[in-house]
Amino acid sequence: MAELTYPDLDTYRREVFAREDELLKGVMPGAASQGLPRISISPESGKTLYLLAKAIGARRILEFGSLAGYSGIWLARALPVDGCFISLEVDPKHAEVSRKNLAAAGLADRTEVRVGEGAALMRDVADEGPFDLVFIDADKENYPVYLDYALENTRVGGLIVADNANGHGHVHESLDAGDGRRGIQEYNRRVAGHPGLVSNVIPVGGWLAVSLVLETV
Ligand code: SAH
Ligand code: MG
C-alpha cells in the first residue's frame, strides 16, 4: 500500500498537528455567510493556544476580540469543567455569533462574551482575575493598553499572548503615524525587552507573541 502523502508541507503540518473537527471547520464559513470577516486565527494558531493553555493548567482565560468564537473554542476547550473564559467584543453581532458558536461547542457553561470596548470592559473583569492566560486579538492600536492591563492581571507563571505579531507582514517596516499596527510594533518592543517577561514569537498564522510572566513583574 502506498504511504499517505500530502501536497505540501503546510497541508502536512495542518493535517497532522492542527486538524479541525467538524465543528471548528464550520465556524468561519458559517460566520462569513453572516457577513463577518474571515480574520480568525489559523488552525495552527488555535492548536498552539490550546497547547499553551493546557501546558500551564489554565483555569481562567481572558480574550480581547471574539469575532465568531473560533479562537474562543480552541481556548475554552483547554479549560477544566469549572474553568472560565471571558471574551470582550465591541461588535454586538460578532458577540452574538460567538456566543452561539461557543454554545454549539458545548462550552456555554464556562464561557462569557461581553459587548463593549475592550479597554472599558477590562476594568470590570479585573475582579474576576488574575487570569492564567490573556489572549490579545482586538484592535491593534490598543495592544499596548491591553498589555498594561495584562501585566497587572495575569498571574505569575501565566501567559500573555498576542495574535498578528507580524503586523500583517509589515511589522518590520516604517509605518504611517495613523497605522494601528504601530501598536503591534510597540507591543512587540515592550514584551521583548520587559525584564518581568520571557517572550518570543511563535510564527504560526500571523505570528503569536508569547510572554511568560515572571515573579518580578
Ligand atoms: N480572536 C478571533 C478574531 C478576532 S478579530 C479569532 O481568532 O477567532 C478582531 C475582533 O476584535 C473583531 O471581532 C472586532 O470587532 C473586535 N474589536 C475591534 N475593536 C475592538 C475593541 N476596541 N474592543 C473589543 N473588541 C474589538
Ligand atoms: Mg488575529
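We now turn to the structure provided with this report. (Residues numbered from 1 in each chain as written. Chains lettered and ligands numbered in written order. Predicted model: local features only at pLDDT ≥ 70, side-chain atom pairs only at ≥ 80, totals over all residues. Heavy atoms only, no water.)

## So, the packing of helix α6 (residues 118-125) against helix α7 (residues 143-153)
- Put simply, α6 and α7 touch, their axes get as near as 10 Å, and they point 10 degrees apart. Regarding the angle of α6 to α7, the classification is roughly parallel. Contacts from Gly118, Ala119, Met122, Arg123 and Val125 in α6 reach Val145, Tyr146 and Tyr149 in α7.
- Taken together, the residues that form the contact of α6 with α7 break down as 6 nonpolar, 1 polar and 1 charged. (Axes fitted to C-alpha atoms, helices over the stretch in contact; angles between N-to-C directions. Helix = DSSP H or I, 4+ residues; strand = E, 2+ residues; numbered from the N terminus. Parallel < 35°, antiparallel > 145°, perpendicular 65-115°, else oblique. Contact = heavy atoms within 4.5 Å. Nonpolar A, V, L, I, M, F, W, Y, C, P; charged D, E, K, R; others polar.)

## Some points on the site of ligand 1
- The immediate surroundings of ligand 1 are formed by 21 residues, with Ile41, Glu89, His94, Glu117 and Asp137 found nearest.
- For ligand 1, a nitrogen atom lies 3.2 Å from a polar atom in the backbone of Val90.
- Glu117 is positioned with one of its side-chain polar atoms (N or O) 2.8 Å from a nitrogen atom of ligand 1.
- Look at ligand 1: alone it shows 580 Å² of surface, and the protein chains cover 90% of it. (Near = heavy atom within 4 Å. Polar contact = N/O pair within 3.5 Å; in protein donor to acceptor, adjacent residues only side chain to side chain. Areas by Shrake-Rupley, 256 points an atom, 1.4 Å probe, with all protein chains shown as cover.)

## Some thoughts on the pairing of strand β3 (residues 111-115)
- In this structure, strand β2 (residues 84-89) lies alongside β3, joined through 5 bridges in parallel fashion. Considered in β3, the bridge of Ile86 is made with Glu112.
- After leaving β2, the chain enters helix α5 (residues 92-104) and then returns to the sheet as β3, a path that is right-handed. (Pairing = 2+ DSSP bridges. Right-handed = clockwise from strand over helix to strand, strands pointing away.)

## Re the pairing of strand β1 (residues 60-64)
- Across the 5 residues of β1, 4 count as buried, placing the element largely inside the fold.
- Taken together, the 5 bridges between β1 and β2 define a ladder with parallel strand orientation. In the sheet register, Arg60 faces β2, and the bridge partner there is Cys84.
- Relative to strand β4 (residues 131-136), β1 runs parallel, the two sharing 4 bridges. When the sheet's bridge partners are listed, Leu62 is paired in β4 with Val134. (Buried < 20%, exposed > 50% of the residue type's maximum accessible area, 1.4 Å probe, protein only.)

## What to know about the pattern of salt bridges
- For the structure on display, the rule yields 14 salt bridges.
- Across the salt bridge formed by Arg14 and Glu44, the nearest N and O atoms sit 2.7 Å from each other. Highlighted residues: Arg14 in helix α1 (residues 9-17) and Glu44 in helix α3 (residues 43-55), separated in sequence by 30 residues.
- Given the relative accessible area of 36%, Arg14 is considered partly exposed. (Salt bridge = Lys/Arg side-chain N within 4 Å of Asp/Glu carboxyl O.)

## Concerning the coordination of the magnesium ion (ligand 2)
- Protein coordination at the magnesium ion (ligand 2) comes from Asp137 (OD), Asp163 (OD) and Asn164 (OD1), with a distance range of 2.0 to 2.1 Å.
- Mapped onto the sequence, the donors of the magnesium ion (ligand 2) take the spacing D-x25-D-N. Here the two residues Asp163 and Asn164 agree in accessibility, since each one is buried. (Donors = N, O, S within 2.8 Å, 3.2 Å for Na, K, Ca; no water.)

## Some points on the side chain of Ser42
- As for its position among the elements, Ser42 is in the loop between α2 (22-33) and α3.
- In this structure the side chain of Ser42 is engaged in a polar contact, spanning 2.9 Å, whose partner is the side chain of Ser45.
- Those residues in contact with Ser42 that lie beyond four places of it in its chain are Arg14, Tyr70 and Gly205.

## Topic: the sheet that holds β4
- Pairing within the open sheet is mixed, and its 7 strands lie in the order β3-β2-β1-β4-β5-β7-β6. Two strands bound the open sheet, and with one partner strand each, they are β3 and β6 (197-202). Adjacent strand axes in the sheet meet at a mean angle of 15 degrees, parallel and antiparallel pairs treated alike.
- Examined bridge by bridge, β6 and strand β7 (residues 208-213) share 6 bridges and lie antiparallel to one another. Across the sheet, residue Val201 finds its bridge partner in β7, namely Ala209.
- Against the sheet, α3 touches β1, β4, β5 (154-162), β6 and β7, its axis set at about 5 degrees to β7.
- Along the sheet face, α6 touches β1, β2, β3 and β4 and points at about 150 degrees away from the line of β2.

## Remarks on a nonpolar patch on the surface
- A cluster of nonpolar side chains, contributed by Tyr12, Val16 and Phe17, occupies part of the molecular surface with about 290 Å² of accessible area.
- Residue position: Phe17 is located in helix α1. (Patch = residues over 30% accessible without salt bridge, like charges linked within 9 Å, V, L, I, M, F, W, Y side chains within 5 Å.)

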